[in-house]
Amino acid sequence: MYYRDTWAEIDLDALQENIRKCAVVTNKAVFAVIKANGYGHGDEFIARKALQAGAAMLMVSSMDEAMSLRNKKIDGDILILGFVHPKDVRLAMKNNIRLTVTSLDWLKQIVKNPVEGLIVHVKFDTGMNRLGAKEADEVHEILRLCDTHKMIVEGIFTHFASSDEEDNRLTNKQFEKFERLLDDLKRDFKWIHCANTDAALHFKENRCNATRLGLAIYGYSTYHNDLRPVMRLYSKIVHIKQVPAGETISYGATYSPSETEWIATIPIGYADGWNRKHQGDVAYIGEEPCEYVGRICMDQTMLKLQSYHPVDTIVELIGDHADVVKMAKRMDTIPYEILTQVSDRIP
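The structure reproduced in this document is the subject of the present report. Here the structure is a predicted model, which means the values were calculated and not measured. Residue numbering note: each chain is counted from 1, following its sequence as written. For this predicted model, a pLDDT threshold of at least 70 governs which residues receive local features, and a threshold of 80 or more governs which side-chain atom pairs are given and counted, while totals over whole chains, interfaces and linings are taken from all residues. As a rule here, side-chain values come from all non-hydrogen atoms in the structure, and water together with hydrogens is ignored.

## Points about the sheet that holds strand β3 (residues 57-60)
Consideration 1: The strand order β2-β3-β4-β5-β6-β7-β8-β9 describes a closed barrel built from 8 strands, whose pairing is parallel. Going across the sheet, the axis of each strand differs from the next one's by a mean of 30°, ignoring polarity.
Consideration 2: Direction of pairing for strand β2 (residues 29-33) relative to strand β9 (residues 210-213): parallel, over a ladder of 4 bridges. Among the inter-strand pairings, F31 is bridged to a residue of β9, identified as R212. Following DSSP output, two strands are said to pair if at least two bridges run between them. Strands here mean DSSP runs of E at least two residues long; helices mean DSSP runs of H or I at least four residues long; both are numbered from the N terminus. Here an angle of 0 to 180 degrees is reported between the N-to-C directions of two axes, which are lines fitted to C-alpha atoms, with helices fitted over the stretch in contact.

Below you can see the structure in the form of structure tokens.
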């Protein structure tokens, strides 16, 4: 039961279909990225359906996200892609959570305590310059230490910085560095992965056996249009009034009608993840575009209607007409940002 007149509808059948399509296109195992509360879609529902659809692993950014899944009785394999404080390694082991070796220094810290049986993936930095070992010698020492302390090195990976660029120049350069490392190591890994969504569907290689799919499983990709968006976002008109020319709307008086206009209020705001940059963009009532006017408030937003619509009229914020990709371009951002900002205040 929920009481808000703003809600998200999550199509789990679409999620399943997207995962299976991506698995066919890539011919690799799918690692489903469930970061940021499942990209704003709800981590528990997305995780369960992803595993049912054949995802080999779930990927999160932090211990908090991993424990959120474990506390909801999600028992699939989970890898934390980000940094985990050494003090929390025992908690990861207790809950069968895989960790990323982000550096040799980090590894030296965690092996001061017993780590036998800890499952890890080693991250090699090929040009993102964020996390990961930078040099091949560092990776060799990481593997030596892991073996000495009886850790299980299940996988190795890198991360592309510009896989959304069609010419692949930087991606090729990064992958060549990754391949040279793999050749130098002369070691087998259960999982080798380098591709995020765009690379998985655009950059072809035969060295890896898994892909890390985030945006694609939620229905979006630069290079693959046969995916179904998983989220639709709706609200309802809770108040409507005529505002005469010359008056102003919302904080800062940034909008003033040039003639009398129907102004509707809907219960969504930046505390729900509906960014103030939406001002000037449009929502939809049926096929009728309705401009966001005045600044987006914490809990409420105003729309300019082309004609009168009563209280309880449904407004589409994300859906068939309010397309996230086009919305992101108008807002000078990316679909990731719009989706992941949808907060857990929205049922």
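## Structural notes on empty space enclosed by the protein
Over the atoms rolls a probe the size of a water molecule, and in doing so it shows where empty space is left.
Consideration 1: A pocket here means an open set of points on a 1 Å grid, computed over the protein atoms alone, that has protein on both sides within 12 Å along at least five of seven lines. A cavity is instead a set of points where a 1.4 Å probe fits but cannot get out; residues with an atom within 4 Å of a point line either one. Grid points are joined across faces, edges and corners, and a volume is the space filled by probe spheres set on the points. Overall, the coordinates contain 1 cavity of 30 Å³ or more when judged by the stated rule.
Consideration 2: The computed volume of the largest cavity comes to approximately 40 Å³.
Consideration 3: Around the largest cavity, the lining residues are N275, K277, M331, T333, E337, I338 and Q341.
Consideration 4: The residue classification treats Ala, Val, Leu, Ile, Met, Phe, Trp, Tyr, Cys and Pro as nonpolar and Asp, Glu, Lys and Arg as charged. All others, Gly included, are polar. When the residues that make up the lining of the largest cavity are grouped by side-chain class, the tally is 2 nonpolar, 3 polar and 2 charged.

## Structural notes on the pairing of strand β15 (residues 301-305)
Consideration 1: Within β15, 4 of the 5 residues are buried, which leaves it mostly tucked inside the rest of the structure.
Consideration 2: For strand β12 (residues 261-266) and β15, the ladder comprises 5 bridges, and the chain directions are antiparallel. Bridge assignment links T265 to a residue of β15, and that residue is M302.
Consideration 3: Bridge analysis of strand β14 (residues 288-292) against β15 gives 2 bridges, and the strand direction is antiparallel. Bridged to Y292 within β15 is L303. Buried means the residue's accessible area, taken with a 1.4 Å probe over protein chains only, is under 20% of the maximum for its type, while exposed means over 50%, and partly exposed covers the values in between.

## Re the side chain of H193
Consideration 1: Along the chain, the position of H193 falls in strand β8 (residues 191-195).
Consideration 2: Using a relative accessible area of 0% as the deciding quantity, one classes H193 as buried.
Consideration 3: Side chain to side chain, H193 and H121 meet in a polar contact 3.0 Å long.
Consideration 4: The contacts of H193, once residues within four sequence positions are left out, are F31, M59, L79, H121, I156, F157, T158, F178, C208, A210 and R212. Polar contact is the term for a pair of N or O atoms within 3.5 Å; when the atoms are in protein, one must be able to donate a hydrogen and the other to accept it, and sequence-neighboring residues count only if both atoms are side-chain atoms. Should any heavy atoms of two residues lie within 4.5 Å, those residues are considered in contact.

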